[in-house]
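# Understanding the architecture of this molecule
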Amino acid sequence: QVMFAESGGGLVQSGGSLRLSCAASGTFKGYTIGWYTQAPGKQRELVAAITEQHTTMYTDSVKGRFTISRDNGQNKLHLQMNNLRPADTGVYYCNAENPDDWVPWGPGTQVTVSS
C-alpha cells in the first residue's frame, strides 16, 4: 500500500510563497492525486489535483496562485503556493483525488500565513 510523506510547510507572511512536496512510498501511476488542506476546526478539503496526464484542477480560492505538479518517475507531487493569504493556513496533505482510492493519511505539513 502506498504511503505519502509531506514536507515543505512553514511560517510565512501574507504574500509569501512556499513549495510543498509529497513523496510516495510506491508508484501512484494511474491515479489522480491531490493536495488537501485542513484548517483548524474545519473539514479536510481538496485544493488541487492532477491526473496522470498532468491535467490540473483547482478550487476557486487558489486558482492563479497555486500550481500542482507531479513527477511520475520519482513518485513525487509538488504544490507551488504563491501570494499566500492567512486563509490558506492549515495542515496540507496529499492523497488520491478519489475517496475510494484513499490510503491512510500521512502526517501532513503545517502551513501558517501571518497577516
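Rules and cut-offs
Residues numbered from 1 in each chain as written. Predicted model: local features only at pLDDT ≥ 70, side-chain atom pairs only at ≥ 80, totals over all residues. Heavy atoms only, no water. Salt bridge = Lys/Arg side-chain N within 4 Å of Asp/Glu carboxyl O. Helix = DSSP H or I, 4+ residues; strand = E, 2+ residues; numbered from the N terminus. Buried < 20%, exposed > 50% of the residue type's maximum accessible area, 1.4 Å probe, protein only. Contact = heavy atoms within 4.5 Å. Phe/Tyr/Trp six-rings, centres within 6.5 Å; stacked < 30°, edge-to-face > 60°. Lys NZ or Arg CZ within 6 Å of the ring centre and 35° of its normal. Pairing = 2+ DSSP bridges. Axes fitted to C-alpha atoms, helices over the stretch in contact; angles between N-to-C directions.

### Here's the deal with the pattern of salt bridges
One pass over the structure, following the stated rule, counts two salt bridges. Salt-bridge contacts for D88 lead to R65; the nearest nitrogen and oxygen are separated by 2.8 Å. Placement of the pair is D88 in the loop between β8 (76–81) and β9 (90–96) and R65 in the loop between β6 (56–58) and β7 (66–71), with a sequence separation of 23 residues. Here D88 and R65 have matching classes, each one buried.

### Brief notes about the side chain of D88
Residue classification places D88 among the buried residues on the basis of a relative accessible area of 7%. Non-local contacts of D88, meaning those with residues more than four positions away in its chain, are made with T37, R65, F66, N83, V111 and V113.

### Considering the packing of aromatic side chains
A complete count under the given rule lists five aromatic pairs for this structure. Between W102 and W105, the ring centres sit 5.0 Å apart and the planes meet at 65°, which makes this aromatic pair edge-to-face. Judged by relative accessible area, which is 25%, W105 ranks as partly exposed. An aromatic cluster is defined as three or more aromatic residues linked by ring pairs; in this entry it consists of Y36, Y93, W102 and W105. One residue, R44, lies across the ring of Y93, its end atom 4.2 Å from the ring centre.

### Comments concerning the sheet that holds β6
What the six strands build is an open sheet, ordered β2-β10-β9-β4-β5-β6; its pairing is mixed. This sheet does not close on itself; its edge strands, each paired only once, are β2 (10–13) and β6. Here the strands of the sheet are splayed against their neighbours by 25° on average, with no regard to which way each runs. Pairing of strand β5 (residues 45–50) with β6 involves three bridges; the strand directions are antiparallel. Across the sheet, residue I50 finds its bridge partner in β6, namely T56.

### Some words on the sheet that holds β7
Overall, antiparallel pairing links the four strands, which are arranged β1-β3-β8-β7 in an open sheet. Each having just a single partner strand, β1 (4–7) and β7 make up the two edges of the open sheet. Neighbouring strand axes in the sheet, compared pairwise and without regard to direction, differ in orientation by 15° on average. For strand β3 (residues 18–24) and β8, the ladder comprises six bridges, and the chain directions are antiparallel.

Taken by themselves, the reported measurements are silent on function.
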